[in-house]
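Residues per chain, in single letters:
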Amino acid sequence: MQVHLNPPLEPGSAPELAAAIVAAAADISDAALDYSPESIDVVEDIVDGFRAEGVSGEDMAESLVAFGCYLGEIVTRRIGGAWQPAPAAHPTTAPFVVVLPDARECHPIDWVFSRLESGAAVSIRDLYATAAAAGADGRSVEEAEHAAAAGVKEVEGVEEEGAHG
C-alpha cells in the first residue's frame, strides 16, 4: 500500500492527521467528529459508505489512515496511552500503534481498513470497548482484533460458498 500523507506517516503526526480528517469530514459531509466515543458510529457510517461505493483500501488509503489516527486519538484522549512505532514482529497497516497505559497495544488504523473490507462484521465500537475495558474481559486488544478478523474470514467463506453454489 502506497500512502503519501503530509505530514508523513509516523507516530508524532497522528494527532495532526486526525485533525485534518475532522476538518475534511465536516467540510465534505457535515460529519461532526468531536473525539468522543460516540463519534465512532460516525466513522463506521462513513467507512460503510465507502464500502457501499465499492472503493478499495488502496483507493482510500490516505483517508482510512487518517480516520484510524482519529480513532487512535479517541483512545489516547479517553483511555490513555501513546502512539508508538509498531513492533516489527506484528505487521500492521500502519507503522505505528497505540500502546495503552497497561502496555497492551491496539491498532486503530487496522480497525478502519478491516471495517472497509468486512463491513459490520468488524465493529470498531466493540474494538474500542475492548481497549477501554483494561483487560477486564480477559482478552487483550490484539486478541479481540484477531477474533474480529477471524469472524471476517468466516463471513467471507460463507459469501464465497453462496457465490459458488
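Residues numbered from 1 in each chain as written. Predicted model: local features only at pLDDT ≥ 70, side-chain atom pairs only at ≥ 80, totals over all residues. Heavy atoms only, no water.

Can you lay out the nonpolar core for me, pointing to particular residues and giving the numbers?
Counting residues in hydrophobic clusters, the biggest one holds 41 residues, and the most contacted among them are L64, F67, C69, Y70, L71 and W111. When residues of this core are traced back to their parent elements, those giving at least two are α1 (14-29), α2 (40-52), α3 (61-78), β2 (96-99), α4 (108-118) and α5 (124-132). No other element matches α3, which puts 10 residues into this core. (Core = buried A, V, L, I, M, F, W, Y, C linked by side-chain atoms within 4.5 Å. Buried < 20%, exposed > 50% of the residue type's maximum accessible area, 1.4 Å probe, protein only. Helix = DSSP H or I, 4+ residues; strand = E, 2+ residues; numbered from the N terminus.)

Summarise unusual backbone geometry; cite the residues concerned and give the values.
Although it is not a glycine, D30 sits at a positive phi angle of roughly 55 degrees. The residue D30 is located in the loop between α1 and α2 in this model. Under the relative-accessibility criterion, D30 is labelled exposed at 70%. Even without a glycine there, the phi angle at Y35 is positive, about 65 degrees. Summarising the element assignment, Y35 is placed in the loop between α1 and α2. On the accessibility criterion, Y35 (13% relative accessible area) is buried.

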